[in-house]
Amino acid sequence: VGISPDKPEKRAAFRDEDYWARPVPGFGDPGAHLAIVGLAPAAHGANRTGRIFTGDRSGDVLYASLHRTGYASQPTATSRDDGLRLTGAWITCPVRCAPPGNAPTPAERDTCRPFLERELALLPDVRVLLVLGGFGYQVLCGILGVRPRPKFGHGVEVPLPDGRTLLCSYHVSQQNTFTGRLTPDMLDTVLRRARTPAGEAPGGGAG
């Protein structure tokens, strides 16, 4: 389900590149205390580069913020071999292939859900799950058994029965960042907040 690996729809600027055009895996620190859950690979971002939030403007915003808040070794993400490393954070998404029109279907969501469930189970040190956007929030609430489900909103925190925290942010989409619905300061604040339930000081040092 998603964009065909045989004939990916290439953007003119990348017409000479070989697109990844396969399911995109998670990326980051296996010992992470923070798991970030997005939406789906961007057609000319992760679907092209093979690494989540890499090679597109959404990733530019996210990784710059991760760098400012001490999670990323550098503020940019351009390719799988650009040297970027994450410390304390893991990034994944509920849908693994770039959906047509950037709009995942229920079928894609349901097909990919077991992969997200297994991935999260392999991250035993995660104390905070930061979800970017309402779609991922719905998926995570289903996986984590959140009932009743609080209304999604930026900065909303949902304590989980197992002691972890589900933290919400608007998605780093161009629609949100270009209009100012999500600013760099707003994203930085949420990422710094993610350290507090994990037992660390907001600046990134040990608490």
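This one's a predicted model, so the numbers in the text were calculated from it and none came from an experiment.

Participant: Break down the pattern of salt bridges for me, citing the residues and quoting the values.
Facilitator: Should the charged atoms of two oppositely charged side chains come close, the side chains can pair. Within this structure, the stated rule accounts for seven salt bridges. For arginine 113, the salt bridge is made with glutamate 117, and the minimal N-O distance between the two is 2.7 Å. Highlighted residues: arginine 113 and glutamate 117, both in helix α3 (residues 106-121), separated by four residues, approximately one helical turn. Using a relative accessible area of 30% as the deciding quantity, one classes arginine 113 as partly exposed. The exposure class of glutamate 117 is partly exposed, given its relative accessible area of 34%. Taking the shortest distance from any N to any O, the salt bridge between arginine 164 and aspartate 162 comes out at 2.9 Å. Residue classification places arginine 164 among the buried residues on the basis of a relative accessible area of 15%.

Participant: Describe in detail the packing of α3 against helix α4 (residues 134-144), supporting the description with residues and values.
Facilitator: The N-to-C vectors of α3 and α4 enclose an angle of 65°; their axes lie 11 Å apart at closest approach. Once α3 is placed against α4, the crossing between them reads as right-handed. Along its contact with α3, which presents Arg109, Arg113, Leu116, Glu117 and Leu120, the element α4 presents Phe135, Val139, Leu140, Gly142 and Ile143.

Participant: Hey, could you go over the packing of aromatic side chains for me, with residue numbers and the actual values?
Facilitator: On inspection of all chains with the given rule, the structure shows two aromatic pairs. Summarising the aromatic geometry, the rings of tyrosine 137 and phenylalanine 152 are spaced 5.5 Å apart at their centres and angled 50° between planes, so their arrangement reads as tilted. Of this pair, tyrosine 137 sits in helix α4 while phenylalanine 152 sits in the loop between α4 and β5 (157-159), and the two are 15 residues apart along the sequence. Among the aromatic residues, ring-to-ring pairing joins Tyr137, Phe152 and Tyr170 into one connected group. When the ring centre of tryptophan 20 is taken as reference, the NZ or CZ atom of arginine 22 above it lies at 3.9 Å. If you follow arginine 51 out to its NZ or CZ, it ends over the ring of phenylalanine 27, 4.8 Å from the centre.

Participant: A description of the sheet that holds strand β3 (residues 89-92) should follow, citing residues and the corresponding values.
Facilitator: Across the sheet, which stays open at both edges, the six strands sit in the order β1-β3-β2-β4-β6-β5 with mixed pairing between neighbours. The open sheet terminates on both sides in strands that have one partner only, identified here as β1 (27-28) and β5. The strands that helix α2 (residues 57-68) touches are β1, β2 (34-37), β3 and β4 (128-132); relative to β3, the one it contacts most, it runs at about 170°. Seen against the sheet, α4 touches β2, β4, β5 and β6 (165-169) and runs at an angle of roughly 145° to β4.

Reading the values: the criteria
- Residues numbered from 1 in each chain as written.
- Predicted model: local features only at pLDDT ≥ 70, side-chain atom pairs only at ≥ 80, totals over all residues.
- Heavy atoms only, no water.
- Salt bridge = Lys/Arg side-chain N within 4 Å of Asp/Glu carboxyl O.
- Helix = DSSP H or I, 4+ residues; strand = E, 2+ residues; numbered from the N terminus.
- Buried < 20%, exposed > 50% of the residue type's maximum accessible area, 1.4 Å probe, protein only.
- Axes fitted to C-alpha atoms, helices over the stretch in contact; angles between N-to-C directions.
- Left-handed = near helix turned anticlockwise from the far one by under 90°.
- Contact = heavy atoms within 4.5 Å.
- Phe/Tyr/Trp six-rings, centres within 6.5 Å; stacked < 30°, edge-to-face > 60°.
- Lys NZ or Arg CZ within 6 Å of the ring centre and 35° of its normal.
- Pairing = 2+ DSSP bridges.

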